[in-house]
Amino acid sequence: MKKANKLLLLVFLSYASTSISSDNVHFNKLKVENLNSFLLGFKKICASKKLPKNISTHPSFPNFGKKHSWENICEKIINKKKIDKNFLKNNFHLKQLSKDNGKLTGYYEPEISVSKVKTREYNVPILKFNKKFLKVKREQIEKNYQNKDILLWTNDIIDLFFLQIQGSGIGVFENKEKVKIIYNGNNDKKYTSIGSFLIKENFIEKKNVNLFTIKNFLRDNPDKISYILNQNERYIFFKIANESLKNPLGALGIELIPFISIAIDKKYYPLGMPFLLYEEEENSYKIVLGMDTGSAIKGKNRADLFTGSGEKAENVAGMMKNKLILYSLVPY
C-alpha cells in the first residue's frame, strides 16, 4: 500500500465512529435539570455561527453531520423557548468514537490574591505575554522577566501555578476589589502533569492524587516546590479582561456555563458540538456542550467539566475523576 493511501486509512480509522442503535435508552436516562442551561448555551453557539463552520472544516467531516444539517438545527434551537427529551430524540442520533472508558475531570475559575505593586509579601509575578518567551522553559522565564512583563503580583506561587492550569481566574486585592484575569498565551512548551510526576516519584499514591493532595504536598514540602513545578515546562501568561463577564471565555470565544461546558480534544471533535456524557459511577447521562479545549485533554473519551468560580467550584472540580464515555449528538 502506498504511503498516501496508508495515511488516508489512518485518518479514516482515527475518526471512525459507531452509531448507537439504542438512542432512546440513552436519552431516557438523561438528567433533565440542566436542559434550560444547555439550551441557553446552544443558542449562543448557534448565534455565533461557528458550529457549522467548525463541523465542515474539521478533519472528521462529515462524520458528525453535514453543514446544512447543523444550520437547520441551529434555526430550530434559536427559536426554542424550552426543549425536552423528545426534542433531542426527534432531532439527533448518537455516535461514539470509542467504547473504552476515558476520564472526566473538572476545572474551575480560581481566586488568587493580587497586588498592583511588589511588596515583601506579594513578590511572585503574574506575567503578560511576550514573544521572547516562546520556546523558553518555565524555570528560565521565572528568572528572566522584566518589569514591563509584569501584569500583577501575587503572594503564592502554588496558587499561581494552579491559575495557569485553569487558564483564567479572579484576582482579589487586599481591599476586596476583584479583577478578571484571563489567558493571554503560552510559551509553546510541552504540558506535563505534576500529578503524574508525583505518582512516578512515589510522593503520592495514584489512588490518592487530586487537586488538594497535590497542593498539600507542595505546601508541606517547600524545598521541593520549584523542582516539582518546573517539571511542567508549559507557562501561561495573562491579561486583564476588559469585558464584564460572569464566567471565563472558552476556546470558542463564548462564556462558559457551569456544569454544561466541557473541554474536549479538538483533534477528534469540532468545537461547539453537543454531547451526552455518561459517568459509569452514576449510571446516568448529562447533556453538555464542547465549548473549550486544553493541553491536558487528550483522547476520544476525555473531557474536563467546567464547575464555576470560587471555593465551592474548586471543591467539586478538585475531586472529580470519573470514568467517562462521550456520545456525540448528530442531527438527522
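Since we're looking at a predicted model, the values are computed, not measured. (Residues numbered from 1 in each chain as written. Predicted model: local features only at pLDDT ≥ 70, side-chain atom pairs only at ≥ 80, totals over all residues. Heavy atoms only, no water.)

Undergrad: What is the right way to read the nonpolar core from this model?
TA: Within soluble globular proteins, side chains that are nonpolar generally end up buried alongside one another. Residues F42, L88, F92, I262 and L276 are the most contacted members of the largest nonpolar core, which totals 55 residues. Those residues in contact with F42, other than ones at most four positions away along the chain, are L51, W70, I73, I77, F92, P274 and L289. (Core = buried A, V, L, I, M, F, W, Y, C linked by side-chain atoms within 4.5 Å. Buried < 20%, exposed > 50% of the residue type's maximum accessible area, 1.4 Å probe, protein only. Contact = heavy atoms within 4.5 Å.)

Undergrad: Mind showing me how you'd approach the pairing of strand β6 (residues 150-154) here?
TA: Within a regular strand, the side chains alternate between the two sheet faces. By the criterion of burial, β6 is predominantly enclosed, with 5 of the 5 residues buried. Both strand β4 (residues 111-115) and β6 contribute to a ladder of 2 bridges, which runs antiparallel. Paired with V114 across the bridge in β6 is T154. Summarising the sheet, strand β5 (residues 124-127) and β6 pair through 4 bridges and their orientation is antiparallel. Along β6, the bridge assignment pairs V124 with T154. (Helix = DSSP H or I, 4+ residues; strand = E, 2+ residues; numbered from the N terminus. Pairing = 2+ DSSP bridges.)

Undergrad: Is there a simple way to explain the sheet that holds β5 in this structure?
TA: Sheets are built from strands paired through backbone hydrogen bonds, the pairs being either parallel or antiparallel. Spatial ordering of the open sheet is given by β5-β6-β4-β7-β8-β9, a layout of 6 strands whose pairing is mixed. With one partner strand each, in any of the chains shown, β5 and β9 (236-240) form the two edges of the open sheet. On average, adjacent strands in this sheet sit at an angle of 50 degrees to one another, irrespective of strand direction. Of the pairings in the sheet, the one linking strand β8 (residues 178-186) to β9 comprises 4 bridges and is antiparallel in character. (Axes fitted to C-alpha atoms, helices over the stretch in contact; angles between N-to-C directions.)

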